[in-house]
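Here is what each chain is made of, one letter per residue.
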Amino acid sequence: VLGAADHADGDLRMPDKAQTYFQGRWLEGNPALMGPLTNAMWLSSIVFDGARAFEGAAPDLDLHCERVVRSARALGLGPSLTGGEILALAREGIARFPKDAELYIRPMFWADEGWVAPDPDSTQFALTIHESPMPKESGYSACISTRRRPAPDTAPTSAKASCLYPQSGLALTEARQRGFDNAVMLDPLGNVAEFATSNIMIGKDGVVRPPAPNGTFLDGITRQRVIALLRADGVEVVEGRLTPEDVLNSDEVFSTGNFGKVLAFTRIENRDLQPGPLFARARRLYWDFAHGRIA
């Protein structure tokens, strides 16, 4: 799963310990929740979100729970729980693990029935929480992908929808075949959108420059949080058009995303970089926020 992500940002092989809430019960492991006639299984009418618990903190958990409800509605589903109800279940599930566990928290809505279009009245909900170590802070590598993010009129880009992730998977496969951890994906016009599994930011001459949201990629919750923290700390952040050449000629490159939070990229194509001061500042600020040291 992306969030697809995260996007060198993650390894989501079968976890050693997992809990899933479904229809009023907590189930262990990887329970069978759908069959071959389920609309979501063969027509991908499913959305999800991803949140993190680590070091006793679960930053912006409420925002992730609210977003999965919006994603469900954007895909034509009928969410049966509110963001607040999902938040309460998530906190209940987190409490089933050790306090220092590193967890991935994934609420999901999907359709059981429907002919091509999902039947909103058949919408199901599950919440999976499993142990998943945080990625190491050490640098990652990325290439410029041949795969592009879809335009808003060609795919449900306003939702964190599972059907968007095969494109990320193809970009990652291509990148790994070339010896890279991740891929910089472009939008339909050839401008930089994001990494295959997380949002991208570059640093140039002391300024942080993320691509401006244009509907082709999610304006991530961690992305928004990091931008706000940097600006509040006096860092200039300029959202705008970003080209592949801008990335290749930057002083530093880092990612923001739920799974890995803030990670440095130290090789883009054939150019080596160092984790820079803007990355270090962003990561420190985010950790301070996660642990309640700053608002």
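Everything here concerns the structure above.
This write-up is about the structure you can find in this document.

Let's talk about a nonpolar patch on the surface
Phase 1: Taken together, the side chains of Met 34, Met 41, Trp 42, Trp 115 and Val 116 define a hydrophobic patch exposed on the protein surface, amounting to about 610 Å² of accessible area.
Phase 2: By secondary structure assignment, the location of Val 116 is in the loop between β5 (103-111) and β6 (123-131).

Quick word on the pattern of salt bridges
Phase 1: Tallied over the full model, the rule gives 14 salt bridges.
Phase 2: With a closest N to O distance of 3.6 Å, Arg 231 and Glu 239 form a salt bridge.
Phase 3: Look at Glu 239 and you get partly exposed, because its relative accessible area is 31%.
Phase 4: For Asp 288, the salt bridge identified is with Arg 293, shortest N-O distance 2.8 Å.

So, the nonpolar core
What tends to happen in soluble globular proteins is that the nonpolar side chains get buried as a cluster.
Phase 1: The biggest cluster of nonpolar side chains holds 42 residues, and the ones touching the most others in it are Val 47, Ile 105, Phe 109 and Leu 127.
Phase 2: The leading source of residues in this core is β5, at 7 residues.
Phase 3: If we skip the residues at most four places from it in the chain, Ile 105 touches Asp 49, Gly 50, Ala 51, Arg 52, Ala 53, Leu 61, Ala 90, Ile 94, Leu 127, Thr 128 and Ile 129.
Phase 4: Residues Val 208, Val 226, Phe 279 and Ala 290 belong to the second largest nonpolar core, which totals 21 residues.

Details of the pairing of strand β12 (residues 252-257)
Phase 1: Here β12 lies mainly inside the structure; 6 of its 6 residues are buried.
Phase 2: Strand direction decides the pairing type here: β12 and strand β13 (residues 261-268), joined by 5 bridges, are antiparallel. Along β13, the bridge assignment pairs Val 253 with Phe 265.
Phase 3: Between β12 and β13, which pair antiparallel in sequence order, lie 3 residues.

Overview of unusual backbone geometry
Phase 1: In this structure, Asp 205 is a non-glycine residue whose phi angle is positive, near 55°.
Phase 2: In this fold, Asp 205 is placed in the loop between β10 (199-204) and β11 (207-209).
Phase 3: Even without being a glycine, Glu 269 presents a positive backbone phi close to 55°.
Phase 4: Counting through the fold element by element, Glu 269 comes out in the loop between β13 and β14 (271-272).
Phase 5: Among the residues examined, Glu 269 registers a relative accessible area of 17% and is labelled buried.

Here's the deal with helix α7 (residues 277-290)
Phase 1: In a regular helix each residue adds 1.5 Å, so 14 residues correspond to 20 Å; α7 covers 20 Å between its end C-alpha atoms and thus fits that length.
Phase 2: Burial analysis of α7 places 10 of its 14 residues in the buried class, the great majority of the element.
Phase 3: Of all the positions in α7, only Leu 278, Phe 279, Ala 282, Arg 283, Leu 285, Tyr 286, Trp 287, Asp 288, Phe 289 and Ala 290 are classed as buried.
Phase 4: Looking at the buried residues of α7, the elements they touch are β10, β11, α5 (221-232), β12 and β13.

Structural notes on the packing of aromatic side chains
Phase 1: Summed over the entire model, instances satisfying the criterion amount to 12 aromatic pairs.
Phase 2: Over the ring of Phe 259 we find Arg 52, and its NZ or CZ is 4.1 Å from the ring centre.
Phase 3: In this structure, Arg 283 is placed above the aromatic ring of Trp 287, and the distance from its NZ or CZ to the ring centre is 4.2 Å.

Focus on the packing of α5 against α7
Phase 1: Two elements in contact, α5 and α7, have axes whose closest approach is 9 Å; the angle formed by their N-to-C orientations is 105°. Relative to α7, α5 is oriented roughly perpendicular. Along the contact surface, α5 presents Thr 222, Arg 225, Val 226, Leu 229 and Leu 230, while α7 presents Ala 282, Leu 285, Tyr 286 and Phe 289.
Phase 2: Among the residues forming the contact of α5 with α7, the class breakdown is 7 nonpolar, 1 polar and 1 charged.

Description of the pairing of strand β9 (residues 192-195)
Phase 1: Judged from the 3 bridges that link them, strand β8 (residues 182-186) and β9 form a sheet pairing that is antiparallel. Across the sheet, the residue bridging to Met 185 is Glu 194, located in β9.
Phase 2: Here β8 folds back onto β9 in antiparallel fashion, the turn holding 5 residues, of which Gly 190 has a positive phi close to 90°.

Some points on the environment of Ile 200
Phase 1: Within the secondary structure layout, Ile 200 lies in strand β10.
Phase 2: Among the residues examined, Ile 200 registers a relative accessible area of 1% and is labelled buried.
Phase 3: Setting aside residues no more than four positions away along its own chain, Ile 200 makes contact with Val 184, Val 192, Ala 193, Glu 194, Phe 195, Pro 210, Pro 211, Val 247, Val 253 and Phe 254.

Quick word on the packing of helix α2 (residues 61-74) against helix α3 (residues 83-94)
Phase 1: Put simply, α2 and α3 touch, their axes get as near as 8 Å, and they point 130° apart. As the angle between them shows, α2 and α3 are arranged oblique. For the element pair α2 and α3, the recorded crossing hand is right-handed. Between α2, through Leu 61, Asp 62, Cys 65, Glu 66, Val 68 and Val 69, and α3, the contact on the second element is made entirely by Gly 83, Ile 86, Leu 87, Ala 90, Arg 91 and Ile 94.
Phase 2: Looking at side-chain class alone, the contact of α2 with α3 contains 8 nonpolar, 1 polar and 3 charged residues.

What counts as what
- Residues numbered from 1 in each chain as written.
- Predicted model: local features only at pLDDT ≥ 70, side-chain atom pairs only at ≥ 80, totals over all residues.
- Heavy atoms only, no water.
- Patch = residues over 30% accessible without salt bridge, like charges linked within 9 Å, V, L, I, M, F, W, Y side chains within 5 Å.
- Areas by Shrake-Rupley, 256 points an atom, 1.4 Å probe, with all protein chains shown as cover.
- Salt bridge = Lys/Arg side-chain N within 4 Å of Asp/Glu carboxyl O.
- Helix = DSSP H or I, 4+ residues; strand = E, 2+ residues; numbered from the N terminus.
- Buried < 20%, exposed > 50% of the residue type's maximum accessible area, 1.4 Å probe, protein only.
- Core = buried A, V, L, I, M, F, W, Y, C linked by side-chain atoms within 4.5 Å.
- Contact = heavy atoms within 4.5 Å.
- Pairing = 2+ DSSP bridges.
- Expected span 1.5 Å × (residues − 1).
- Phe/Tyr/Trp six-rings, centres within 6.5 Å; stacked < 30°, edge-to-face > 60°.
- Lys NZ or Arg CZ within 6 Å of the ring centre and 35° of its normal.
- Axes fitted to C-alpha atoms, helices over the stretch in contact; angles between N-to-C directions.
- Parallel < 35°, antiparallel > 145°, perpendicular 65-115°, else oblique.
- Nonpolar A, V, L, I, M, F, W, Y, C, P; charged D, E, K, R; others polar.
- Left-handed = near helix turned anticlockwise from the far one by under 90°.

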